[in-house]
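The residues making up each chain are set out below.
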Amino acid sequence: MLELSLFVILALFIVGGAVATITNRQPLFSAFGFLVSMLAMAGVFGLLENQFLALAQIMVSVGAVVVLNILSIMTVNAKEENLPQEPYKYRWILLSGVLVSPVTFLIYKSMSMAYQHFSTLETVNTKVMGETLFSAWVLPFEIVSILLLSAMVGAIVIARKKDVIAKETR
Amino acid sequence: MTPEPFFFLAALLFSIALVGVVSRRNLFVIYMSIELMLTSTSLVLVIFSKVLGSADGSVMALLMIAVIAAEAALFLAMIIHLYRRNRTLDSEMCDELKQEANNA
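Because the structure is a prediction, the values reported are computed rather than measured.

### Let's talk about the overall build of chain A
Secondary structure assignment for chain A yields seven helices and zero strands. In sequence order, chain A lays out its α and β elements as α-α-α-α-α-α-α. Structurally, chain A occupies a C-alpha span of about 65 × 45 × 25 Å along its principal axes. Out of the 170 residues in chain A, the part that is buried amounts to 36%. Considering only contacts within chain A whose residues lie at least 6 apart along the sequence, 63% involve residues at least 24 apart. Just so you have it, chain A exposes about 10500 Å², and 73% of that area is on carbon and sulfur atoms. Within chain A, one finds 11 positive and 10 negative side-chain charges whose respective centroids are separated by 14 Å.

What follows is the structure in structure tokens.
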């Protein structure tokens, strides 16, 4: 009963944050909805008894991604006239919501038909996760490290000002 | 507790984010919707890890969080670059390649 009520509260936060993200006009308010959604998602990871992933979610998604997102929204600091004009926003959201809802139902049915119960084995703890990560999954782990390095270099190159590049190559 | 409500939450979050991607034109909102879709996918991986009692799904979700971080860096750099070029956050303005094709 406690689990279910915790789940309902967290699910309300996630769905409310997601709806706030896609409906707000100002990107900063959307970012706060996104933050609420990500924090509640860490709570759901904790509810699934996966403490390490809950911590990683808070540290990476909330601590790094959302903060970087809010910082770039504040850096861009778009004025009201620079935001896109979306006069039929709610109509579009309603229409695409109606179109997407059968897909939602299909995804939910196809996943929930496969497995009805949680496993009774208690094998997913941080120790087992670490052993699996560094034995069977060590190659994807290394590939992810290369991906992060190349994303960092690529982000610096893309976001750099053009005249800085011209000055350095001269 | 059964896994069904968790599956429903993941499907619902994915659909809300999909609606955000197709119906909004603000680049930041599109970016955040893509992040929400990726997060709902990692939620599915964690649920399956608990359903099957195997750590593989959790490890995949952990790698996915790293991919989300890489995507955040690239996408935000791209938004800043596009804002500097066009002075707008409207995704309708990112059509230089389309215009070139029409003129040629």
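Moving on from the model shown.
### Some words on the interface of chain B and chain A
On the side of chain A, 80 residues touch chain B, which itself brings 71 residues to the contact. Counting each side, the surface lost to burial between chain B and chain A is near 7000 Å², with a carbon and sulfur contribution of 78%. Linking chain B with chain A are two salt bridges, by the criterion used here. The partner of Glu49 of chain A in a salt bridge is Lys50 of chain B, and the shortest N-O contact between them spans 3.3 Å. Viewed at the interface, chain A and chain B are joined by eleven residue pairs in polar contact (both at pLDDT 80 or more). Secondary-structure elements contributing two or more residues to the side of chain B that touches chain A are helix H1 (4–23), helix H2 (27–52) and helix H3 (56–86) of chain B. If you tally residues by element for the side of chain B that touches chain A, the top one is H3 of chain B, at 23 residues. Split into classes, the residues belonging to the side of chain B that touches chain A amount to 48 nonpolar, 14 polar and nine charged.

### A short note on the confidence of the model for chain B
Residue and element names in this part refer to chain B. Overall, the prediction assigns chain B a mean pLDDT of 89, with 94% of residues at 70 or greater. Within chain B, helix H4 (residues 96–103) has the poorest average pLDDT of any element, 65, and H1 the best, 94. The ipTM assigned to the predicted complex is 0.90, against a pTM of 0.90.

### Here we look at the side chain of Ser15 of chain B
Positionally, Ser15 of chain B belongs in helix H1. Setting aside anything within four residues of it in sequence, one finds Ser15 of chain B in contact with Val100 and Thr104 of chain A.

### Observations regarding helix H2 (residues 27–47) of chain A
The first and last C-alpha atoms of H2 of chain A sit 30 Å apart over 21 residues, in line with the 30 Å expected at 1.5 Å per residue. Looking one or two residues beyond H2 of chain A, the residue adopting positive phi is Glu49 of chain A, at roughly 60°.

Conventions used here
- Residues numbered from 1 in each chain as written.
- Chains lettered and ligands numbered in written order.
- Predicted model: local features only at pLDDT ≥ 70, side-chain atom pairs only at ≥ 80, totals over all residues.
- Heavy atoms only, no water.
- Helix = DSSP H or I, 4+ residues; strand = E, 2+ residues; numbered from the N terminus.
- Buried < 20%, exposed > 50% of the residue type's maximum accessible area, 1.4 Å probe, protein only.
- Contact = heavy atoms within 4.5 Å.
- Areas by Shrake-Rupley, 256 points an atom, 1.4 Å probe, with all protein chains shown as cover.
- Lys, Arg positive; Asp, Glu negative; His and termini not counted.
- Charge placed at Lys NZ, Arg CZ, Asp CG, Glu CD.
- Buried area = accessible area lost by both parts, 1.4 Å probe.
- Salt bridge = Lys/Arg side-chain N within 4 Å of Asp/Glu carboxyl O.
- Polar contact = N/O pair within 3.5 Å; in protein donor to acceptor, adjacent residues only side chain to side chain.
- Nonpolar A, V, L, I, M, F, W, Y, C, P; charged D, E, K, R; others polar.
- pLDDT = per-residue confidence, 0-100.
- Expected span 1.5 Å × (residues − 1).

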